[in-house]
Each structure stands twice: as structure tokens, then as C-alpha cells.
Amino acid sequence: MKEKECTCPIFRALKKKGLRWNPETGVIEVNRLWRARLGEIYFFINSNGELYPEKELNNKIDNMRWKIGNYFSTENEAQKYADEFKRILQGRTLDKEE
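Thresholds, definitions, all that
Every chain begins its residue count from 1, and numbering advances along the sequence as written. In view of the model being predicted, local features appear only for residues whose pLDDT reaches at least 70, and side-chain atom pairs are presented and counted only at 80 or more, with totals across whole chains, interfaces and linings using the full set of residues. With hydrogens and water set aside, each side-chain value is computed from the structure's full complement of heavy atoms. Numbering of helices and strands runs from the N terminus, with a helix taken as a DSSP run of H or I at least four residues long and a strand as a DSSP run of E at least two residues long. Polar contact criterion, stated in full: a pair of N or O atoms within 3.5 Å, where within protein one must be able to donate a hydrogen and the other to accept it, and residues adjacent in sequence count only if both atoms are side-chain atoms. Buried residues are those whose accessible area, probed at 1.4 Å on protein chains only, stays under 20% of the maximum for their type, while exposed residues exceed 50% and partly exposed ones sit between those limits. Two strands make a pair as long as DSSP finds a minimum of two bridges between them. Contact definition: two residues touch when any of their heavy atoms are within 4.5 Å. Put simply, a nonpolar core is a bunch of buried Ala, Val, Leu, Ile, Met, Phe, Trp, Tyr and Cys residues held in one set by side-chain atoms that sit within 4.5 Å of each other. We call Phe, Tyr and Trp rings a pair once their centres come within 6.5 Å, taking the six-membered ring for Trp, and we label the pair stacked below 30 degrees between planes, edge-to-face above 60, and tilted otherwise.

S.K.: With reference to specific residues and values, describe the side chain of R65.
M.R.: In this fold, R65 is placed in helix α2 (residues 60-68). In this structure the side chain of R65 is engaged in a polar contact, spanning 3.0 Å, whose partner is the side chain of Y42.

S.K.: Describe the pairing of strand β3 (residues 41-45), and please don't skip the residues or the numbers.
M.R.: Among the five residues of β3, four are classified as buried, and the element is accordingly described as predominantly covered. If you look at the hairpin formed by β3 and strand β4 (residues 51-55), you'll find five residues sitting between the two strands, and G49 has a positive phi there, around 85 degrees.

S.K.: Mind laying out the environment of K55, listing which residues take part and the relevant values?
M.R.: The topology assignment puts K55 in strand β4. A sequence separation of 17 residues divides K55 from L38, and the C-alpha atoms of the two residues are 7.7 Å apart. Setting aside anything within four residues of it in sequence, one finds K55 in contact with G39, E40, I41, Y42 and D62.

S.K.: Let's hear about the environment of W34: which residues, and what values?
M.R.: Looking at where W34 falls in the secondary structure, it is placed in the loop between β2 (27-30) and β3. In sequence terms W34 and Y71 are 37 residues apart; their C-alpha atoms lie 8.6 Å from each other.

S.K.: Outline the nonpolar core, listing residues and values.
M.R.: Ranked by size, the top nonpolar core spans six residues in total: F43, I45, L51, F72, A78 and A82. Within the residue set of this core, elements represented by two or more residues are β3 and α3 (75-91). Sequence-distant contacts of A82, defined by excluding residues within four places in its chain, comprise I45, G49 and L51.

S.K.: Explain the packing of aromatic side chains residue by residue, including any values.
M.R.: Tallying each qualifying case throughout the model produces three aromatic pairs. Plain terms: the ring middles of Y42 and Y71 are 4.0 Å apart, the flat faces sit at 15 degrees to each other, and that makes the pair stacked. With a gap of 29 residues between them, Y42 in strand β3 and Y71 in the loop between α2 and α3 connect regions that are remote in the sequence. Look at Y71 and you get buried, because its relative accessible area is 7%. Between F44 and Y52 the ring centres are 5.9 Å apart and the planes differ by 25 degrees, which places this aromatic pair in the stacked class. Among the residues examined, F44 registers a relative accessible area of 10% and is labelled buried. You can call Y52 partly exposed: its relative accessible area is 37%.

Below is the structure:
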């Protein structure tokens with residue numbers, strides 16, 4: 001499900017600066033990475049570079065994927081990172097820095 005674009009200019013300005021207003025606390029805070037709600041679908045990249053949808057269960061595996069950044073809201077976003085990851089591995093630039 002696609003997130004709606006905010007129509008409030010103040011909230012859009014905050015978002016551009018990486019901030020958000022938390023209506024529960026009334027505090028402006030640093031924008032956190034997107035995380036699916038319990039039962040919603042997110043995508044991750046497996047060790048073969050393939051994309052998989054997964055249902056958020058808030059278990060150890062979901063938490064680990066979210067913490068390391070292997071956690072995406074859309075298949076297109078996941079594919080973009082999978083392609084870049086493959087490009088980096090194929091270039092093997094870290095081996096050349098020795």
C-alpha cells in the first residue's frame with residue numbers, strides 16, 4: 001500500500017529535512033526508516049540477491065533485517081539496492097585498496 005503524500009506545507013518541509021512531528025508525543029523527531037506494521041508485507045534481499053516478500057511478525061529475523069537495512073517497503077526499492085549490491089560485489093573495489 002502506497003503512503004499518501006502529505007498536503008501540509010509545514011509537514012512537507014519537516015520531511016525534506018529528515019524530521020517528522022510525532023502526534024502521540026507532540027515532539028518533532030528525526031525521521032526513522034520505514035517499518036511495516038504487524039502483518040504488513042515488506043521485502044528483503046536473500047543471499048543469492050533475490051527479492052522476497054515477508055509478512056512483518058516483529059520477530060528476531062524481522063528485527064535483524066530492519067536493523068541492518070535489508071528491509072524495504074516496495075519490490076522496486078529492494079531491486080534498486082540488490083542491483084547496487086551486486087555491482088559493488090562484482091567490482092571488488094575493497095580488494096584493490098590493499
